[in-house]
Every structure is written in C-alpha cells, then in structure tokens.
Amino acid sequence: MEITNINQLDLSKTYTFADYLMWRFKERVELIKGKILKMSPAPAPIHQRISQKINQKLYSFFENTPCELFYAPFDVRLPNKNGEIHTVVQPDLCVICDRNKIDDKGCLGAPDLVIEILSPGNSKKEMNLKFSLYEESGISEYWVVDSSEKFILIYSLENGEYISRKPVADGEMLQSIKFPDLKFSTENLYEF
C-alpha cells in the first residue's frame, strides 16, 4: 500500500528499503538505520549555488573517467553487515567509481566520495549522525561544506576511521585525498 502522508507512520518503528519504496511523501526523508529522518525544506539558494559550483568542478574532473557524479535527490542505499538495507540517504553530491553499484534505484553500497553542504537546521545531523554512518559504511572520503563559516572539512577513511585534514578556508586550494589530482581553488565558492 502506497503511503502519502508521513503522519500515517509510526516514527518509533524501524523501517526497511522496501518500506521506503512505498512512501510518496511531499517532504523528503532519509532512512537512517531504519529510522525516518525528515530532511530540511528545499535548500536555500546559497546551498544550491555552492552545490552547482562544486558540481561543475567535479564534473570536469570525472568526465572521462570510470567514475560517475550524482547530485541530490539521488538515493544511496547503505546495507548493514547482514546485507539488509535500513539506510537510504541523499547526499548533496556523490562520486561512484564502481558502476556495478549503480542501478535503477540509485546506488547500492558506499560511494567513493560524498559531499554534504550544511544548511541551517541540518548541521548537527550532518556532523554527528552522517559522519558516523559514512565512516561505518566505508565511504572513502567525506566533505562537509560549511557555507556560513566558509570552509570545507575533508575526512578520509584510514583503517576504518575518518582522519580529518586541515579545514580548507575560503580562497584556499582544495585537494582530494582519494583523488589527489582533484584540486581546485575555493575562491568565489561562497560569493554570489
């Protein structure tokens, strides 16, 4: 049965990807370890502009490689250790180099790079919940873009744990850890 109103669900219950496929809500949601999390309302223009600028940089870098770039809304399903899917997230941007992970429902498994752009109201979720989730899921590199403070945090997975690099401040050069040839200036990233 298709569910169109989030109020029809018991938010204390644990759900699966099969349940997620039956939902047709107006609001966007993510499923984190079986729990429903409402996403922030539609992103503000600054969020979209930053996403577009980073997307342009990444697109030109990955254009003639085996890797593919996707942007939200795009479902990334992260199976648990038993192979069950109780987590579906929609990163702002993600890069997937193993095309076998891409299917008609999005991505099944950990992308190689995930980028989240903080919006008012979602920074706690991004910094705490998703940090742990992405680390546990084996996402090799995770960027957190803070548009209000104008810096980017880059985390790279080493021995199962994220290692933080020096924050990339406004106007500095950003260089990926997983893709060392991917580098660009952040000058004008936050200007509109």
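## Side note on the packing of aromatic side chains
Any aromatic ring pair is given by two values, namely how distant the centres are and how the planes are angled relative to each other.
For step 1, the next point in the chain: What the rule picks out here adds up to 14 aromatic pairs.
For step 2, the next point in the chain: Summarising the aromatic geometry, the rings of Phe-61 and Phe-62 are spaced 4.8 Å apart at their centres and angled 90° between planes, so their arrangement reads as edge-to-face.
For step 3, the next point in the chain: According to the relative accessible area criterion, Phe-62 is buried, its value standing at 4%.
For step 4, the next point in the chain: Here the aromatic rings of Phe-62 and Phe-179 are separated by 5.0 Å at their centres, their planes lie at 85°, and the arrangement is edge-to-face. Taken together, the residues Phe-62 in helix H2 (residues 45-62) and Phe-179 in the loop between strand E14 (173-175) and strand E15 (183-185) connect sequence positions 117 residues apart. Across the pair, Phe-179 and Phe-62 agree in class, each one buried.
For step 5, the next point in the chain: Aromatic rings pair up to connect Tyr-15, Phe-17, Tyr-20, Trp-23 and Phe-25 into one cluster.

## Some remarks on the pattern of salt bridges
For step 1, the next point in the chain: By the definition in use, this model includes 10 salt bridges.
For step 2, the next point in the chain: Arg-165 is the salt-bridge partner of Glu-158, the closest N and O atoms lying 2.7 Å from each other.
For step 3, the next point in the chain: Looking at Glu-158, the relative accessible area reads 35%, which means it is partly exposed.
For step 4, the next point in the chain: The exposure class of Arg-165 is partly exposed, given its relative accessible area of 27%.

## A few points about the environment of Lys-57
For step 1, the next point in the chain: Tracing the sequence through the fold places Lys-57 in helix H2.
For step 2, the next point in the chain: By relative accessible area, which is 38% here, Lys-57 ends up partly exposed.
For step 3, the next point in the chain: Along the chain, Lys-57 and Lys-183 lie 126 residues apart, while their C-alpha atoms are 8.8 Å from each other.
For step 4, the next point in the chain: Setting aside anything within four residues of it in sequence, one finds Lys-57 in contact with Phe-184 and Ser-185.

## Topic: H2
For step 1, the next point in the chain: With 18 residues, H2 extends 25 Å between its outermost C-alpha atoms, agreeing within 8% with the 26 Å of an ideal straight helix rising 1.5 Å per residue.
For step 2, the next point in the chain: Taken residue by residue, H2 has His-47, Ile-50, Ser-51, Ile-54, Leu-58 and Phe-62 as its buried positions. Each buried residue of H2 sits inside an arc of 100° when the element is viewed along its axis, so together they form one side. Opposite its buried face, H2 presents the exposed residues Pro-45, Gln-56 and Ser-60, each directed more than 90 degrees away.
For step 3, the next point in the chain: Close packing links the buried residues of H2 with strand E3 (68-71), strand E6 (93-96), strand E9 (113-117) and strand E10 (141-146).

## Concerning the side chain of Asp-92
For step 1, the next point in the chain: You can see Asp-92 is positioned in the loop between strand E5 (88-89) and E6.
For step 2, the next point in the chain: For the buried Asp-92, which has no salt bridge, the nearest side chain bearing the opposite charge is Arg-28, at an N-O separation of 5.9 Å.
For step 3, the next point in the chain: Polar contacts involving the side chain of Asp-92 include one to the side chain of His-47, which spans 3.3 Å.
For step 4, the next point in the chain: Not counting residues within four places of it along the chain, the set of residues in contact with Asp-92 comprises His-47, Ser-51, Phe-70, Tyr-71, Ala-72, Ile-115, Glu-116 and Ile-117.

## Notes on unusual backbone geometry
For step 1, the next point in the chain: A cis amide bond, omega 0°, links Ala-72 with the succeeding residue Pro-73.
For step 2, the next point in the chain: Non-glycine residue Lys-150 carries a positive phi angle of around 60°.
For step 3, the next point in the chain: Looking at the secondary structure, you find Lys-150 in the loop between E10 and strand E11 (151-158).
For step 4, the next point in the chain: The residue Asn-159 is not glycine, and still its phi comes out positive at about 55°.
For step 5, the next point in the chain: Structurally, Asn-159 can be placed in the loop between E11 and strand E12 (161-164).

Scoring rules and cut-offs
- Sequence order as written defines residue numbering, which begins from 1 separately in each chain.
- With pLDDT at 70 or above as the cut-off, local features in this predicted model cover only qualifying residues; side-chain atom pairs require 80 or more to be listed or tallied, and sums for whole chains, interfaces and linings still use all residues.
- Each side-chain value is worked out from all heavy atoms of the structure, with water and hydrogens disregarded.
- Aromatic rings from Phe, Tyr and Trp, with only the six-membered ring used for Trp, were paired whenever their centres fell within 6.5 Å, and each pair was classed as stacked if the ring planes differed by under 30 degrees, edge-to-face if by over 60, and tilted otherwise.
- Between buried and exposed lies partly exposed: a residue is buried under 20% and exposed over 50% of the maximum accessible area for its type, with that area taken using a 1.4 Å probe on protein chains only.
- Runs of E in the DSSP output that reach at least two residues are strands. Runs of H or I that reach at least four are helices, and both are numbered from the N terminus.
- What counts as a salt bridge is simple: a side-chain nitrogen of Lys or Arg found within 4 Å of a carboxyl oxygen of Asp or Glu.
- Contacts are residue-level and defined by heavy atoms, with any inter-residue pair within 4.5 Å sufficient.
- The span expected for a helix works out to 1.5 Å for each residue beyond the first.
- When we speak of the arc, we mean the arc of directions from the helix axis to the C-beta atoms.
- Two residue types count as positive, namely Lys and Arg, and two as negative, namely Asp and Glu; His and chain ends fall outside the count.
- Each polar contact in these results corresponds to two N or O atoms within 3.5 Å; when the atoms are within protein, one needs to be able to donate a hydrogen and the other to accept it, and residues that are neighboring in sequence are counted only if both atoms are side-chain atoms.

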